[in-house]
Amino acid sequence: MSTERYNPRDTEPRWQQAWTDARAFEARHDPARPKYYVLEMFPYPSGRIHMGHVRNYTMGDVLARFRRAVGYNVLHPMGWDAFGMPAENAAIERGVHPKSWTYDNIAAMRDQLKSLGLALDWSREIATCDPSYYRHEQEMFIDFMKAGLVERKVSMVNWDPVDQTVLANEQVIDGRGWRSGALVEKRELAQWFLKISDYSEELLKALDGLTNWPEKVRLMQANWIGRSEGMRFSFVLEDETGKVRDEKLTVYTTRHDTIFGASFCALSADHPLVRELEGSIVGLAEFRREVAALGTSEESIERAEKKGFPLKLYARHPFRPDVKLPVYAANFVLMGYGEGAIFGCPAHDQRDLDFARKYQLPVIPVVAPKGTDPAQFTVGNEAFLEKEGDQTVLINSDFLDGMGVPEAKQTIAKRMEALGIGERKVNYRLRDWGVSRQRYWGCPIPVIHCITCGVVPVRKQDLPVTLPEDVTFDRPGNPLMHHPSWKDTTCPTCGGKAKRETDTFDTFIDSSWYFARFCSPKAAVPVDREEAKYWMAVDQYIGGVEHAILHLLYSRFYARAMTLTGHLDLKEPFASLFTQGMVVHETYKTEAGDWVLPADVVREGDAFVHAKTGEKILTGGIEKMSKSKKNVVDPEAIIDRYGADTARWFVLSDTPPERDIEWTETGVEGAWRFTQRVWRIVADVQQKGAVKGTVVPNAVAGEALELRRAAHLAIQAVTEDLYGLRFNRGIARVYELANALTSALQKNDPSDGMRFALREAGEAFVTLLAPMMPHLAEECWRVLGHETLMVDRPWPKADPALTTSDEVTIAVQVNGKRRDEIRLPKGLPQAKVEQAVLALDNVKRALDGKPVRKVVVVPDRIANVVSG
RNA sequence: GCGCCGGUAGCCCAACGGUAGGAGGCGACUGCCUUAGAAGCAGUUCAGUGCGGGUUCGAAUCCUGCUCGGCGCACCA
């Protein structure tokens, strides 16, 4: 073969430039054409892309290119989730300004993404830290305020006293601030909330409509929303002397059927009644502090220990005048759920049982398996919880005795409602979304605090409220708060002196609507309704499953909030969701236990040694690529060495996209060899095939026909695989076609039929691999004599005449075991098939004289002879 | 504890009620090519589908019990 090797270093930048010059991927609103909006979760600009990005963006890119080829008007944009803490950390640690740090990173990562050859519309690029983006976020927040979707309330936060900032739960490690190491305190702060809980039911119900979302994600969201049906009801409280208190105690329960098994009540340490009593009961304040201290993320050991503090109050049992339930403050009752108060039924709740055993409270079983003698049924140290399908019955429960659980629930609910002491209540676990962050590098919350007027939104004409650039990070706390003048302003209502809000938004807000902004990234309004009407919803959203709950739930909420305030007109922003797996790699360690980069490891026979020091290297588990374990492979190094197409091909090969893929050097080399093989095949096709544009000769038969069939079968299969996001299978089909081409080329058959088939199959081959290896495909297209861009070539259509056949091979089984196969005309009547099958020698032999009981015939597939 | 996903050749995987000479790739081995290597070419190797029951004419595929691995949720009353 006379060809030179394919050199991606030369071709890839050239074709990237050609696409840019042709403005090939700039999306234009065109109501006449069907649109396809493909989006990958936009990256945080950390400064360098990692393999996870390569995988994620390659998948989206294949879809964008494929959908474009089949005729869709494709929108495939890219942007930057550019606010957030790492920029501030860099400022603190290295003295760089968050803004320049961020924009430098964006520039670097943009170059890296471009080197992957992604079919992105860069003219729509947005960065969330840009005032031209966040001004709209501020505007919408003001609209949300007016629509009643915003609330300011005091809430408990994790406060780091050293850094003087609020920490998210995941930033609290063993009760200490993740950076300062200081003991984290629970503090009450006035915070801004978005009332996502108004949409609990709606967000839950609408999950059913998201049929193109992974079941797993829908389930996780449903659990997160956490709907439960129960009752809210009140107890009359009395003190030790029997004196009745004015206010009643309201509790929430889903097990009102077990009311006769109640033996105590428990309140959250933060319950208003507990706070009220704090001053009057010795030790209670200390108990509350204790609970607050281990509140955050103490693990299972602490969790197991149920503790309570008696409040010297008693709740009257609503149906048993003689029963008075002691009331406790307890560490296992959460203020944020239900009423922050419960009644304990130890026999049928493990937590209550643990508590009851610790404080020697009665344990009265009230539900037992059907047929059990109530007098004999007892509960030990394991609460009796009925499992699905159990036959159970109420015992020791007065007028409920003998009922099943659902009936008992009904009866109690009716009884309590009639007595006016309670009502049925649906509860949700989902809380309102706290969006205040005491940080600099985020979108300023556009409100003003005025002594006379209170909290006032900034006037829209005064937007955006921009971040000041002259800030310092030399002392703890929020730089906006320390800024000498930024927060000083005047009240939009009274004109008097006022202060700006110094909190900024949670960055999840930025990412809750960026997909809508991409429809009209330069519009003067947040979203141009006409553009959004055409482009939204996102047809295919791709990202990591780690965003299954927060980002995706917030975005679903935002779409509704934006629709309510007239900024959008749809509820579900993502029609289809795909969650791709991680990129994993083997880990390496020195004998001393230091992690070693894969790039520094060389193989020597069966052993591994350090490339630089020669030390012995031990191999460890295959784990998610992470900086801390150093099992990372730098995409830039791979692209430098093999080119983007090889990297793209590798991350799509073999492993199904939803599963974790193991990065291996041998696998990459295999992908690299394949690029070279494609190159040779195409050169050979150009030499041995017909010239471009040749029409189908009259007679194509034999091997030429087989090659045509292979090509059309490949077209059909790859098309289906790409529609279904089965990239690994599509790639296998391309390999198959490569094999078919290779063997056909070896025949050196100069017939017109074969020459035509080579041309046809060769062009199909290049077109089919183009979404995966776009640069190589362009170069091959040139070799095949074309002047046009591959990206403009329509997707080929399989000829049904070539993908089907008049004859089929039918497998022949005797008693379920394969004994022979037979070629028969397609669609042959069952009786004829039976006849043909029974005549086979192999069948007769297998039957061995036994009578035939019946013959099962699956048309055109299989025949099974069943003997007596 | 609850839930979800997955166990198919040495490895990654396909088939998802109908022929496991496995679609494909990686690896290994043999031969050809080469001064040699790399690359390339031709070919070979290897499992009966984690284990036990069941349904069926027929099960990797459906049901069921177990087992191993991964992930998510977890004091939500």
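Residues numbered from 1 in each chain as written. Chains lettered and ligands numbered in written order. Predicted model: local features only at pLDDT ≥ 70, side-chain atom pairs only at ≥ 80, totals over all residues. Heavy atoms only, no water.

Colleague: Before we move on, can you summarise the overall build of chain A with the specific residues and values?
Modeller: Secondary structure summary: chain A contains 27 helices and 37 strands in total. Principal axes of the C-alpha set define a box for chain A whose edges measure 110 × 85 × 65 Å. Taking the intrachain contacts of chain A between residues at least 6 apart in sequence as the baseline, contacts between residues at least 24 apart amount to 72%. Looking at charge distribution, chain A has the averaged site of its 112 positive side-chain charges lying 2 Å from that of its 120 negative ones. (Helix = DSSP H or I, 4+ residues; strand = E, 2+ residues; numbered from the N terminus. Contact = heavy atoms within 4.5 Å. Lys, Arg positive; Asp, Glu negative; His and termini not counted. Charge placed at Lys NZ, Arg CZ, Asp CG, Glu CD.)

Colleague: Outline the pairing of strand β9 (residues 185–194), listing residues and values.
Modeller: In terms of strand pairing, strand β5 (residues 150–160) meets β9 through ten bridges, oriented antiparallel. Pairing of R152 across the sheet is with W192, part of β9. When β9 meets strand β19 (residues 433–434), the two strands line up antiparallel, connected through two bridges. Opposite F193, over in β19, you have G434 as the bridge partner. (Pairing = 2+ DSSP bridges.)

Colleague: Please give an account of empty space enclosed by the protein that cites residues and values.
Modeller: Per the stated rule, a full pass over the model turns up one cavity of 30 Å³ or more. In this structure, the largest cavity occupies an estimated 140 Å³ of space. Sorting the residues of the lining of the largest cavity by element identifies α2 (51–69) and α24 (774–783) as the ones contributing at least two each. A per-element tally of the lining of the largest cavity places α2 first, with four residues. Grouping the amino acids of the lining of the largest cavity by side-chain chemistry returns nine nonpolar, one polar and four charged. (1 Å grid on protein atoms, 1.4 Å probe; cavity = no way out; pocket = protein on both sides within 12 Å on 5 of 7 lines; lining within 4 Å. Points joined across faces, edges and corners; volume = space filled by probe spheres on them. Nonpolar A, V, L, I, M, F, W, Y, C, P; charged D, E, K, R; others polar.)

Colleague: Before we move on, can you summarise the protein's contact with RNA strand B with the specific residues and values?
Modeller: Surrounding RNA strand B, one finds 44 residues, the nearest of these being T254, R351, R729, E736 and R818. Among the atoms of RNA strand B lying within 4 Å of the protein, the sugar-phosphate backbone contributes 63%. Contact between RNA strand B and R680: a sugar or linking oxygen at 3.2 Å from a side-chain N or O atom of the residue. For the surface near RNA strand B, the secondary structure elements donating two or more residues are α7 (215–225), β11 (249–253), α20 (665–688), α22 (727–746), β34 (807–814), β35 (817–825), β36 (852–858) and β37 (862–867). In terms of residue count, the dominant contributor to the surface near RNA strand B is α22 (eight residues). (Near = heavy atom within 4 Å. Polar contact = N/O pair within 3.5 Å; in protein donor to acceptor, adjacent residues only side chain to side chain.)

Colleague: Talk me through the pairing of strand β14 (residues 324–330); I want residue IDs and the actual numbers.
Modeller: Among the seven residues of β14, six are classified as buried, and the element is accordingly described as predominantly covered. Bridge analysis of strand β12 (residues 264–268) against β14 gives four bridges, and the strand direction is parallel. In the sheet register, S268 faces β14, and the bridge partner there is A330. (Buried < 20%, exposed > 50% of the residue type's maximum accessible area, 1.4 Å probe, protein only.)

Colleague: An account of the environment of M59 is requested, with residue identities and associated values reported.
Modeller: Turning to its location among the elements, M59 is positioned in helix α2. Judged by relative accessible area, M59 falls into the buried class, the value being 2%. In sequence terms M59 and L597 are 538 residues apart; their C-alpha atoms lie 26 Å from each other. With near-sequence residues (within four places) excluded, M59 lies in contact with I542, F578, Q580, L652, P657 and F727.

Colleague: Describe α2, with residues and values.
Modeller: In this model, α2 (19 residues) spans 27 Å end to end at C-alpha, consistent with the 27 Å of a helix rising 1.5 Å per residue. With 17 of 19 residues buried, α2 lies mostly within the body of the structure. Immediately beyond the C-terminal end of α2, within one or two residues, lies G71, with a positive phi of roughly 115 degrees. (Expected span 1.5 Å × (residues − 1).)

Colleague: Give me the lowdown on the packing of aromatic side chains, citing residues and values where you can.
Modeller: The geometry of an aromatic ring pair is captured by the separation of the ring centres together with the interplanar angle, meaning the angle of the planes. On inspection of all chains with the given rule, the structure shows 47 aromatic pairs. Taking the centre distance of 5.0 Å and the plane angle of 15 degrees together, the rings of W649 and F674 count as stacked. Taken together, the residues W649 in helix α19 (residues 644–652) and F674 in helix α20 connect sequence positions 25 residues apart. We note that W649, like F674, is buried. Seen from their ring centres, F650 and W663 are 4.6 Å apart, and the 75 degrees between their planes marks the pair as edge-to-face. With F650 in helix α19 and W663 in the loop between β33 (661–662) and α20, this pair connects stretches of sequence that are 13 residues apart. Given the relative accessible area of 2%, W663 is considered buried. The ring of W595 carries K589 above its face, with NZ or CZ at 4.5 Å from the centroid. (Phe/Tyr/Trp six-rings, centres within 6.5 Å; stacked < 30°, edge-to-face > 60°. Lys NZ or Arg CZ within 6 Å of the ring centre and 35° of its normal.)

Colleague: Kindly report on unusual backbone geometry, identifying the contributing residues and their values.
Modeller: The omega torsion across L463 and P464 is -5 degrees, close enough to zero to call that bond cis. Within the secondary structure, P464 sits in the loop between β22 (454–457) and α13 (479–482). Cis geometry is adopted by the peptide bond preceding A537, which originates at M536 and carries an omega value of 0 degrees. With respect to the helices and strands, the residue A537 is situated in the loop between α16 (529–535) and β26 (540–544). For R23, which is not glycine, the phi dihedral falls at a positive 50 degrees. Considering the arrangement of structural elements, one finds R23 in the loop between α1 (8–21) and β1 (35–40). Phi is positive for K630, close to 60 degrees, though the residue is something other than glycine. One can find K630 in the loop between β32 (616–624) and α18 (635–642).

Colleague: Explain the pattern of salt bridges residue by residue, including any values.
Modeller: Applying the stated criterion across every chain yields a total of 52 salt bridges. Put simply, E469 and K99 hold a salt bridge, and the shortest N to O gap is 2.7 Å. With E469 in the loop between β22 and α13 and K99 in helix α4 (residues 98–115), the pair connects residues that are 370 residues apart, well separated along the chain. When its relative accessible area of 45% is taken as the criterion, E469 is described as partly exposed. Ionic pairing is found between R556 and E572, a salt bridge with its closest N-O pair at 2.9 Å. Here the residue R556 occupies a position in helix α17 (residues 550–564), and E572 occupies one in the loop between α17 and β27 (577–580), the gap between them amounting to 16 residues. Take R556 and E572: they sit in the same class, and that class is buried. Overlapping salt bridges, with partners in common, bring together E201, K205, R227 and E229 in one network. (Salt bridge = Lys/Arg side-chain N within 4 Å of Asp/Glu carboxyl O.)

Note that all results are geometric; they support no functional claim without further evidence.
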